[in-house]
Structures are given as structure tokens and as C-alpha cells.
Amino acid sequence: MPQADLVVVANRLPVDHDETVDGGWRRSPGGLVTALEPVMRRADGAWVGWPGRAGLKAEPFEFDGTQLVPVELSDEEVELYYEGFSNDTIWPLYHDVIAAPRYRRQWWESYVQVNERFADAAASATAEGGTVWVQDYQLQLVPQLLRQARPDLTIGYFHHIPFPAYGLYSQLPWRRQVLEGLLGADVIGFQRVADAGNFARAVRRQLRYETKASGITVPQPDGTTRTAVARAFPISIDTASYEELARRDDVRARAAEIRESLGNPKHILLGVDRLDYTKGIRHRLKAFGELLQDGRLDVEDVTLVQVASPSRERVAAYVQLRDEIELTVSRINGDYDTMGHSAIRYLHQGYPREEMVALFLAADVMLVTALRDGMNLVAKEYVASRVDNRGVLILSEFAGAADELSSALRINPHDIGTLKDTIMQAVEMSPSEQGRRMRALRKKVRDNDVEKWSRDFLAALDTARNRNTAARSEVAS
């Protein structure tokens, strides 16, 4: 296998195994794949990840100009490392314990073993003096493991989800090991300034390392120190691709068909989420149901479309959440549906990007009511799609996107009364105010697209590489 100067390490490969297509692989949807594809092509890079199917063995292969390095996971490892530690321990803990995390030593042991396997694969795939960019919470130990195996490398890590306040993080039995794992990186990126601050405080409290705005001083086994930078790099979307889709005649025609299929209501409210307890779906359903009950909204005039794509269907908390949401939807529809209009159109499935953009164009109000979210790219996708400068974005202050999208109607989703008032404000907003707000939102999303995100992070890694080279030269002299 040829070695690459730039290697991305992520839980998943950017492809899915599909025996119905030529070559047996097709490109996966997703923002990270879109973000890194042009970078990987320019660098003749490699991507280390799991193919997405337990027990699938595959040799490294090339796909669209990128070398892909599959990491095999067994059924047991998917259960323990992925469904267990990653998504039943780390995910709920890092999302403010909205659901209770479970701490099981067997899960942790599998997490360590799988992280070691990813680190070994990355070490083998990276050229001398190369750069490795590790992605997200499933692989928090990989930076340190790589540092030990390949001290010549420049290592970056990006954390796509929130990093919790110390009072929550301190619950983790393996808190020191995870911090030490992350500090193997030269640059540790977070979605929000607050997340980077939470990480630095955890390092001070647990490891007693010196933390400054310029970086964290990390002691080395040989008695020297190095500097790890922890700061915010808010991720974004490929804005231009959404604008292009939104201007296509077939997509605009599909948006009109969607409105027609819903009975041409005066207003369409839209929620688009993975079916996850962090997304605040129950809160928006409660607010909408109460607005119908109060008579402030009429089912003849307003429809809520809720897309909830399947997620982690073998994790108990998600099974329970689906039951609760579908029961709530059924009750509201049973109480308020008419023969011609439905209160809520609930769709438990995923859709291709073209269909999502048509939904964004059809929707008068976008509801993002996350209880905790690293970023929430759906908010940015909606804004990018509104090339007509119409529509209203209601955005939770607990989503990372709220730091950038200040012209949205920002809400605390736990405050149902204010959420109801904000929905009414959105429904009643004049076209001129919609235009003023949406133009400001669109400028922000256009100026800070996904290409800028990857460019800024890789520039920080270049700075780290230069700093490390200078430090090594100074020691040698």
C-alpha cells in the first residue's frame, strides 16, 4: 500500500459497500465526505475507516483518487465499541446527560482495542513527516497512540459533537485516559469556543497541565514539552452545491408538488433531524400541539412536516424515543386532523439531497430545537437553499450554529411558552423582515463554508508542523 502525506482517520469510510454498482462501492452522503473530498484529491490522500458492515474484510483500494484503508470490526466490536461506549457512554455524557450514560468496563476495553487498530492502520498509511487528521468522538485515543508510534507525524483531531462542562465530564471513569488521548494531537478542534474552554478546564483540573490562549503545555516522556492548540473551528456546508440545487427547475417544481400534496396550507413548518433525543423533537411537537389546542394555529392553515431519519436503532434509548414521538404524533393528528388536512406529516426515513432542498424551499419556517448540538448543519442547509431570501429559521441557542447565525429567531427549547410565541412570530413575519434576516444569514453561511473550515484547520496544522520542526532543530543544536 502506498503511503500518503495526508491521512484522514474516521469511524466510517467515505463509501458504502454496494454489490449492485460497478466496483462494489458507492460514495456515502454526508458533510464530512463533501468537506474533505477536494482536499484529499489535491493531496493524493488516504482515508482510514470502517466499511460500515460488521465482519467485512477488504484490502486497501483506490476510489475517486483517494486511497481507502478499511478497518474491520466484528459484530461484538460494533456492539461494544460503537453502540456501547461511543453511543451509550460518550454521546449522552457529552450531550449534557439528556439521557443517562452507562459506564461499562467491557465497552471501554473494546473502545481501547478498536482505537489501537485504527491508529495502527493510520501509522502504516502515512508517509514520513506526514499529517493525520482524526475525526470525532469514536476515536479520541488515536492521537496519543499515533504520537507514540510515529513521533514524526503532525496530528490533528476534530471533535464534531459538544465537549461537556467539567462537572459532567468528571463522571467518566476513564476521564484522564481520554484527555491524554486527545492531547496526542498538535491541533484539537471544536465546534464552539465554549467547547474548547470546557476541554482546557478539564485538562487543568485532571492533568494539571498549563493552559493558555496560545496552547496547552504537554509534558513528554523525554522530559521536554510540546504545545497542543485547542480552539474552535466551526464546521459548515458546501454552500454552493445547495444554492445550485435550489435554482434547478426540477427541484423548484418538486417544492411546489410538496405544497400541493399537503393541501396547499398557508404555512409549512419543517423539522429535519436524526431520530435522536438531543434534537428536541418532543419539545417542538409539544409546542405545536399546544398552539393547535389554544386555537392560535389552525390545521387548515398550518402543517408541520417532521423528517426523522432512523438512527442507532439497536440502542434502547432510541427505541424508546421513537415510540414516544410516534405516539405523540398520532395523538395530535387524531385530535386535529380533518379529511383534507393533516396536522403533522411524520416521515421516519432519510431522503436524497435533492428532495431535502425541495423540502427546504417548500417550508416557510425551519424548526431547529436541539437541546444540545455540536453544530447542526441542517440550519445552514436551509439558509443556503433559500435563494429567494424568504423563510424563517427558528434556532436553538444550544446548537453550535447559534454562535454564527445571529439573525435567526433564537430560542430556549425548554421554554415551551416562548417557543410557541416564537413560532407565531415566524408564521406572522412580514416578507420584508424575512428578507432582511435571510440575507444576513445567507451571507454568513456563504462566507464561512466548508472549504473555509478545512482550509483553516489545515493551516493550523501547517503552523503546528513548522513550530515542531523549529523546536526539534533547537533541541538538536
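### Regarding the environment of D276
Then step 1. Relative to the elements of secondary structure, D276 occurs in the loop between β13 (267-274) and α10 (281-294).
Then step 2. Distance in space between the C-alpha atoms of D276 and R312 is 8.6 Å, their sequence separation being 36 residues.
Then step 3. Those residues within four positions of D276 in sequence are excluded, and the remaining contacts are W91, R312, Y318 and L321.

### Here we look at the packing of helix α2 (residues 75-94) against helix α3 (residues 105-125)
Then step 1. Where α2 meets α3, the closest approach of the two axes is 8 Å, and the angle between their N-to-C directions is 110°. When the axes of α2 and α3 are compared, the pair comes out roughly perpendicular. Between α2 and α3, the residues in contact are E76, E77, L80, Y81, G84, F85, S86, D88 and T89 and Q106, W107, W108, S110, Y111, V114, N115, R117 and F118, respectively.
Then step 2. The residue makeup of the contact of α2 with α3, split by class, is eight nonpolar, six polar and four charged.

### Some points on the side chain of K279
Then step 1. Tracing the backbone through its elements, the reader meets K279 in the loop between β13 and α10.
Then step 2. The buried category is assigned to K279, whose relative accessible area is 10%.
Then step 3. Discounting chain neighbours no more than four positions away, the residues touching K279 are D273, R274, R284, T369, A370, L371, D373 and N376.

### Comments concerning helix α8 (residues 239-246)
Then step 1. Counting buried residues in α8 gives six out of eight residues, a clear majority hidden from the surface.
Then step 2. Turning to α8, the residues buried within the fold contact α9 (249-261), α12 (353-362), α13 (377-385) and α15 (431-447).

### Considerations on the pattern of salt bridges
Then step 1. Evaluation of the coordinates by the stated rule reveals 39 salt bridges.
Then step 2. Salt-bridge contacts for D294 lead to K420; the nearest nitrogen and oxygen are separated by 2.8 Å. Of this pair, D294 sits in helix α10 while K420 sits in helix α14 (residues 416-427), and the two are 126 residues apart along the sequence.
Then step 3. D294 sits in the partly exposed class, given a relative accessible area of 43%.
Then step 4. Taking relative accessible area as the criterion, K420 reaches 10% and is therefore assigned buried.
Then step 5. Here R437 makes a salt bridge to E433, at a shortest N to O gap of 3.0 Å. Taken as a pair, R437 and E433 lie in helix α15 at a separation of four residues, close to a single helical turn.
Then step 6. Through salt bridges with shared partners, a single network forms among R12, D16, D18 and R26.

### Re the sheet that holds strand β4 (residues 46-50)
In a beta sheet, neighbouring strands pair by backbone hydrogen bonds and run either parallel or antiparallel.
Then step 1. The 10 strands are arranged β5-β6-β4-β1-β7-β8-β9-β12-β11-β10 in an open sheet whose pairing can be described as mixed. In this open sheet, the two strands that pair with only one neighbour each are β5 (61-63) and β10 (211-212).
Then step 2. Of the pairings in the sheet, the one linking β10 to strand β11 (residues 215-219) comprises two bridges and is antiparallel in character. Bridge pairing links K212 to G215 in β11.
Then step 3. In this fold helix α7 (residues 193-207) packs onto β9 (187-190), β10, β11 and β12 (225-232), with an angle of close to 145° to the strand it touches most, β12.

### Thoughts on the packing of α8 against α12
Then step 1. Orientation of α8 relative to α12, taken along the N-to-C sense of each, is 70°, at an axis distance of 9 Å. In terms of axis orientation, α8 runs roughly perpendicular to α12. Residue-level inspection shows S241, Y242, L245 and A246 of α8 in contact with α12, the latter providing R353, E354, V357 and L361.
Then step 2. Its residues assigned to classes, the contact of α8 with α12 shows five nonpolar, one polar and two charged.

### Some thoughts on the pairing of strand β17 (residues 392-396)
Then step 1. Burial analysis of β17 places five of its five residues in the buried class, which makes it a mostly covered element.
Then step 2. Where burial is concerned, the two faces of β17 agree: the one with V392, I394 and S396 and the one with L393 and L395 are both buried.
Then step 3. The pairing of strand β16 (residues 365-368) with β17 spans four bridges and is classified as parallel. Pairing of M366 across the sheet is with L393, part of β17.
Then step 4. At this point the chain moves from β16, through α13, to the parallel β17, and the crossover so formed is right-handed.
Then step 5. Judged from the three bridges that link them, β17 and strand β18 (residues 409-411) form a sheet pairing that is parallel. Bridging from a neighbouring strand, S396 pairs with I411 of β18.

### Considering the sheet that holds β18
Then step 1. Spatial ordering of the open sheet is given by β15-β14-β13-β16-β17-β18, a layout of six strands whose pairing is parallel. Looking at the sheet topology across the chains shown, the edges are occupied by β15 (344-347) and β18. With strand direction ignored, the average angle separating the axes of adjacent strands in the sheet is 20°.
Then step 2. Of the pairings in the sheet, the one linking strand β14 (residues 302-309) to β15 comprises four bridges and is parallel in character. The residue of β15 that forms the bridge with Q306 is Y346.

### A word on the nonpolar core
Generally speaking, a soluble globular protein has its nonpolar side chains buried in company with each other.
Then step 1. Counting residues in each nonpolar core, the largest one holds 96 residues, and the members touching the most others are F118, L146, L183, F199 and I423.
Then step 2. Per-element accounting of this core gives the leading share, 10 residues, to α3.

What counts as what
- Residues numbered from 1 in each chain as written.
- Predicted model: local features only at pLDDT ≥ 70, side-chain atom pairs only at ≥ 80, totals over all residues.
- Heavy atoms only, no water.
- Helix = DSSP H or I, 4+ residues; strand = E, 2+ residues; numbered from the N terminus.
- Contact = heavy atoms within 4.5 Å.
- Axes fitted to C-alpha atoms, helices over the stretch in contact; angles between N-to-C directions.
- Parallel < 35°, antiparallel > 145°, perpendicular 65-115°, else oblique.
- Nonpolar A, V, L, I, M, F, W, Y, C, P; charged D, E, K, R; others polar.
- Buried < 20%, exposed > 50% of the residue type's maximum accessible area, 1.4 Å probe, protein only.
- Salt bridge = Lys/Arg side-chain N within 4 Å of Asp/Glu carboxyl O.
- Pairing = 2+ DSSP bridges.
- Right-handed = clockwise from strand over helix to strand, strands pointing away.
- Core = buried A, V, L, I, M, F, W, Y, C linked by side-chain atoms within 4.5 Å.

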